[in-house]
Amino acid sequence: MPKRMKCFSQKWLVFFVTHWLLLASLGHAKMAFESNIDTKALEAFGVNAGFLSQMPNALKKMNKEEEWKKLVKRFDVNYQFIPIIKNMLIEASVPQEFLFLAMAESKFSSRAYSRKKAVGIWQFMPSTAKELRLKVNHYIDERRDPIKSTQAAITYLKRLYKQTGEWYLVAMAYNYGLRKVQNAIKAAGTSDIKILLDEDKKYLPKETREYIRSILSLALKFNSLDNLKDKEYLLNRGARVSLVGVPFKRHTSLIQVAKNLNLSLETLKSYNHQFRYNILPSKDPTYTIYIPYEKLALFKQRQLKQNKNIQASPKSPFITHVVLPKETLSSIAKRYQVSISSIQLANNLKDSNIFIHQRLIIPTNKKLLATREF
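It should be emphasised that the depicted structure is a prediction, and the values quoted were computed from it without experimental measurement. (Residues numbered from 1 in each chain as written. Predicted model: local features only at pLDDT ≥ 70, side-chain atom pairs only at ≥ 80, totals over all residues. Heavy atoms only, no water.)

Draft legend 1. Looking closely at helix α8 (residues 146-164). With 19 residues, α8 should cover 27 Å at 1.5 Å per step; its first-to-last C-alpha distance of 26 Å lies within 8% of that length. Those residues of α8 that sit buried are Pro146, Ser149, Thr150, Ala152, Ala153, Ile154, Tyr156, Leu157, Leu160 and Thr164. Looking at the buried residues of α8, the elements they touch are α5 (82-91), α9 (167-176), α10 (178-188), α15 (265-271) and β2 (286-292). Between the side-chain oxygen at the start of α8 and the backbone nitrogen of Ile147 there is a gap of 2.9 Å, and the oxygen is on Asp145. Following α8 by one or two positions, Gly165 has its phi on the positive side, about 80°. (Helix = DSSP H or I, 4+ residues; strand = E, 2+ residues; numbered from the N terminus. Expected span 1.5 Å × (residues − 1). Buried < 20%, exposed > 50% of the residue type's maximum accessible area, 1.4 Å probe, protein only. Contact = heavy atoms within 4.5 Å. Polar contact = N/O pair within 3.5 Å; in protein donor to acceptor, adjacent residues only side chain to side chain.)

Draft legend 2. Here's a closer look at the packing of α8 against α9. As a packed pair, α8 and α9 sit with axes 9 Å apart at the nearest point and diverge in direction by 120°. Classified by the angle between their axes, α8 and α9 sit oblique to one another. Crossing angle aside, the handedness with which α8 passes α9 is right-handed. Across the interface between the two elements, Tyr156, Leu157, Leu160, Tyr161 and Thr164 of α8 pack against Trp167, Leu169, Val170, Ala173 and Tyr174 of α9. Taken together, the residues that form the contact of α8 with α9 break down as 9 nonpolar, 1 polar and no charged. (Axes fitted to C-alpha atoms, helices over the stretch in contact; angles between N-to-C directions. Parallel < 35°, antiparallel > 145°, perpendicular 65-115°, else oblique. Left-handed = near helix turned anticlockwise from the far one by under 90°. Nonpolar A, V, L, I, M, F, W, Y, C, P; charged D, E, K, R; others polar.)

Draft legend 3. Region of interest: the packing of α9 against helix α12 (residues 206-221). Look at α9 against α12: their axes get within 10 Å of each other, and the N-to-C directions meet at 135°. By the angle class used here, α9 and α12 are oblique. When you trace α9 past α12, the crossing you get is right-handed. Between α9 and α12, the residues in contact are Tyr168, Ala171, Met172, Tyr174, Asn175 and Tyr176 and Glu207, Thr208, Tyr211, Ile212 and Ile215, respectively.

Structure representation (structure tokens):
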């Protein structure tokens, strides 16, 4: 080929490639505009709108009607936690879009438990929980505490941000580990999200690549009026407080608390999965129990009555029993001269099945599980 023709061909190649990239970019921008996707959710993570082209599969998955309905339902069901978490993130200068990291981790379930022993809304491993000063023992697991675990998550997220400088890198490190993400950046020669998520180079494992795309997709979809249809109110969650933490003395029965607040035990427990038993532990003088905000006035009224009429007893109203081989709930109840139902209530047992080395709370005070003021 003559030199002049070769030069002409190269110029045309450059021209076509440049214009193709421009049109592709405009196409993605048009797609975002036409589907009313608010790209501010991406910007909150430090990602520009052009990254939408890297997320077709993640967005497609979110667009599946059944899958989307399940996610919206989970978001709606956990209304009591979301305003609190959202406000805590904002006050700590952490993007509120990290709500969707929690959704990707646990679907906002404080009871979530993974095969790797990660627990709670933020899915903390035991070692991470200990590092962040969350209590995890036989009586309480603060990884399931929606407030304390969120405060711990904020501390952890800000620590990661200080070391990475980008919120999307924080999300990656939360899933894959800081050192591994730093090694991936070193291997890629850049922290550019598009390069780090390259499907061919595989600087990050598939799980992490899908994880970050899933979080960004959730943030985009949940900030779109078109996607929420009749549930636009979900966008404004965070404007009101739904739960409040109040101190209760050690040994307090959750059954008593629920009855005195006109709540079912199941409802009260849904706010307080951090307690393994239905009786508060004995180690600390007081423990925080979360109750609906609208019940606060009733709590204060009955607490005042308690302070006037009830004198606290320093004696522990329960003992801990470790199940031995061949023991049954019936034999244990007979040994301590208590009813089987009282043991079941204290330990949140649905039936009589127990296992060797299981720790049971045995209520020694017969009035402990009875209905009375706090």
